[in-house]
Amino acid sequence: MDIPRYWRLRNQRYHLQGAKCDQCGQLYFPPRAVCPACKSRSLSAYRFKGTGRVYSHSLLYQSSDRFEGQAPYVVAIVELEEGVRLTAQLTDVDVDEVAVGMPVEMVVRKIYEEGDTGPIVYGYKFRPLFTKPD
């Protein structure tokens with residue numbers, strides 16, 4: 001992926017910006033040009049809160065060359081508070097602690113590096129959401 005594309009996707013990758021259909025109110029991530037529910041082309045940018053729960057998860061032992069140094073790692077389907085589900089890597093968590101229903105929050109972390117001279121790619125991952133004691 002080239003640097004201009006990283007720049008175009010920055011709101012999606014760093015702020016969980018998706019889309020909301022102006023006609024039927026359906027939410028999407030990643031953003032779409034046409035609403036699959038009502039076929040409207042009138043969609044607005046929508047910024048998700050970035051909190052949700054683990055819907056499903058898997059531990060990956062083998063990975064592509066790009067993620068070789070990170071294996072094993074946990075990938076989860078996260079259901080956001082707004083109801084949208086997305087796939088993301090979990091971070092800052094012991095693999096034995098991951099469970100369906102675990103509350104999580106979005107964080108920006110390094111995803112990978114494009115070789116020795118290429119850009120460092122950052123994006124969203126999710127970590128456990130720890131509540132502060134009262």
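Being a predicted model, the structure only gives us computed values, none of them experimental.

The rules behind each value
- Residues numbered from 1 in each chain as written.
- Predicted model: local features only at pLDDT ≥ 70, side-chain atom pairs only at ≥ 80, totals over all residues.
- Heavy atoms only, no water.
- Pairing = 2+ DSSP bridges.
- Helix = DSSP H or I, 4+ residues; strand = E, 2+ residues; numbered from the N terminus.
- Salt bridge = Lys/Arg side-chain N within 4 Å of Asp/Glu carboxyl O.
- Buried < 20%, exposed > 50% of the residue type's maximum accessible area, 1.4 Å probe, protein only.

Asks: Help me understand the sheet that holds strand β1 (residues 17–21) in this model?
Replies: Strands pair in a sheet through their backbones, by hydrogen bonds, and they do so in one of two ways: parallel or antiparallel. Spatially, 3 strands are ordered β2-β1-β3 in an open sheet, and the strand pairing comes out antiparallel. Each edge of the open sheet carries a strand with a single partner, namely β2 (27–28) and β3 (43–47). Relative to β2, β1 is paired through 2 bridges, and the arrangement is antiparallel. Across the sheet, residue Ala19 finds its bridge partner in β2, namely Tyr28.

Asks: Please explain the pattern of salt bridges as it appears in this structure.
Replies: With the rule as written, the count across this model stands at 4 salt bridges. We note a salt bridge from Lys49 to Glu81, for which the minimum N-O separation is 3.4 Å. Of this pair, Lys49 sits in the loop between β3 and β4 (51–60) while Glu81 is found in the loop between β5 (73–80) and β6 (85–89), placing the two residues 32 residues apart along the sequence. The same class applies to Lys49 and to Glu81, which are both exposed. Put simply, Glu79 and Arg85 hold a salt bridge, and the shortest N to O gap is 3.7 Å. On the basis of relative accessible area, Arg85 is assigned to the partly exposed category, the value being 42%.

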